[in-house]
Amino acid sequence: SDDTATTEIYPLSLDALFRSGKPHPEPFLKAAMQLGVDPRATIAIEDSYNGVRSAHAAGMRVIMVPDLLEPTPEIEALCFAVLPSMHDVRAACAL
């Protein structure tokens, strides 16, 4: 068994390409399929409530970087982490 982990970052914004938008999981499931990765082995970075709901429903771990709205208790429960900025996301990924 290979216990090594690979961290690759693929910035995607493909909302316009899907029949069902967020909070439906379709955008994240199709993105994972196009990248050839298991959604359960990915981390989605989102700034919106519906984006968090969508990524979580797709089986992804979600990092929320709040923009206009801070996470509610419901949204925070769906997140792997809530970080204040993309700089903090980069630092966390470097660990």
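Residues numbered from 1 in each chain as written. Predicted model: local features only at pLDDT ≥ 70, side-chain atom pairs only at ≥ 80, totals over all residues. Heavy atoms only, no water.

(A) Just the packing of aromatic side chains, in detail. Following the criterion strictly, the structure yields zero aromatic pairs and no others. Over the aromatic face of F80 sits the side chain of R61, whose NZ or CZ is 5.7 Å from the ring centroid. (Phe/Tyr/Trp six-rings, centres within 6.5 Å; stacked < 30°, edge-to-face > 60°. Lys NZ or Arg CZ within 6 Å of the ring centre and 35° of its normal.)

(B) Structural view of helix α1 (residues 26–35). Within α1, burial applies to E26, P27, F28, A31 and A32. Residues of α1 that are buried sit in contact with β1 (43–46) and α2 (49–57). After α1 finishes, the residue G36 shows a positive phi value of roughly 70°. (Buried < 20%, exposed > 50% of the residue type's maximum accessible area, 1.4 Å probe, protein only. Helix = DSSP H or I, 4+ residues; strand = E, 2+ residues; numbered from the N terminus. Contact = heavy atoms within 4.5 Å.)

(C) Molecular detail of the pattern of salt bridges. Inspection of the entire model under this criterion finds four salt bridges. Here K22 ties to E46 by a salt bridge, and the two come within 2.7 Å at their closest N and O atoms. Note that K22 is positioned in the segment before α1 and E46 in strand β1, a separation of 24 residues in sequence. Owing to a relative accessible area of 27%, K22 belongs among the partly exposed residues under this scheme. Residue class for E46 comes out buried when judged on its relative accessible area of 8%. (Salt bridge = Lys/Arg side-chain N within 4 Å of Asp/Glu carboxyl O.)

(D) Spotlight on the side chain of S54. Looking at the element boundaries, S54 is found in helix α2. Given the relative accessible area of 0%, S54 is considered buried. Contacts of S54, omitting those with residues within four sequence positions, involve K22, P23, H24, P25, P27 and F28.

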